[in-house]
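# Summary of the model geometry
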Amino acid sequence: MNAIPSHLSRRKFLTLTAAAGAAGLQSTAPAATPNNYPPAPTTPGFPYRIDNKGPKGIAFESWLDKARLGLVLNDFQKFCILEEYGFTNAYSRPRYKDVVLPNTQKLLARFRELGLPVIYTVLATRHEHFQDLPGICRKVLAHDLKMMDGTPYHLRVDKEGAQIDDALAPRPEDIVIVKTSSGAFGSSDMDNILRNAGISSLVFTGGISELCLSSTVRGAYDRGYLCTIAEDATITGNADRQKWAMKFLDSAYGWVTTTSDILQRMS
């Protein structure tokens, strides 16, 4: 402790010291945050521009800012789209072939043309005994997923069912992320990978709309990413589930729109 000057009593010294400290704190305290936050055109962290004409009050150009934009192909695994794996149905097969696949190919071609990042996610286990899977996910991947003949299908990363559809196959320069649960942000290093690449806005395709896709979009939202969902490029097995999944995502977690709208705004 500092020595007390000889001309001051201990009580007087402590009083003056406390007053000086309080004054110092007051002089460096930040100004009160206005009630209409954010007051500036951009916000700290991931930047975007406020504009009431855009989705969620954010400018259209911020959602699709090419300097920070990446395309996510969520779980376009053969298990999700090929009939022999038992996960498809009479609704999902024609929707994938006639709607989802061509729209995703259009988005993929545009992103590649512009040299923008493309990110794939794959739900699979890397471990022979599923030790990298959390909780109930281990039961689902190890026992519950079935082939058409009813036998369990173990969704390992090196199995055919875990591979991306050949029509959307990744290139060497693309980012491929293996996740071990429904949401990529909760069970992979996706957040660090995207931040290190300077990506803060994402266009989402893939599936399954009400399951893994929704989980990944919400994980991105919670970490500050701007999430655009191409509704007609998302995989689903049920029209009602698709409707409600998109409604919930659009209510808070992202901007749900169409492939043609995204491509037009990126031109």
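Look up: the structure comes first, before these words.
The shown structure was predicted, so the numbers you read here are calculated from the model rather than taken from an experiment.

### Quick notes on unusual backbone geometry
Peptide bonds are, in most cases, trans, and in most cases residues other than glycine have a negative phi. Note that the residue after G207, namely I208, is joined by a cis bond; omega there is -5°. By the element assignment, I208 lies in the loop between strand 4 (201-206) and helix 7 (209-222). Of note in the backbone geometry, K56 takes a positive phi value of approximately 60° without being a glycine. With respect to the helices, strands and loops of the structure, K56 is situated in the loop between helix 1 (10-28) and helix 2 (60-63). Positioned with a positive phi, D75 is a non-glycine residue whose angle comes to about 55°. Tracing the chain through its elements places D75 in the loop between strand 1 (69-74) and helix 3 (78-81).

### Considerations on the pairing of strand 2 (residues 118-123)
Extensive coverage of strand 2 is indicated by the burial of six of its six residues. The side-chain alternation of strand 2 yields two buried faces, one formed by V118, Y120 and V122 and the other by I119, T121 and L123. With four bridges joining them, strand 1 and strand 2 adopt parallel strand pairing. Bridge assignment links N74 to a residue of strand 2, and that residue is T121. In terms of strand pairing, strand 2 meets strand 3 (residues 175-179) through five bridges, oriented parallel. Residue pairing for strand 3: I119 is matched across the bridge by I175.

Basis of the calculations
Residues numbered from 1 in each chain as written. Predicted model: local features only at pLDDT ≥ 70, side-chain atom pairs only at ≥ 80, totals over all residues. Heavy atoms only, no water. Helix = DSSP H or I, 4+ residues; strand = E, 2+ residues; numbered from the N terminus. Buried < 20%, exposed > 50% of the residue type's maximum accessible area, 1.4 Å probe, protein only. Pairing = 2+ DSSP bridges.

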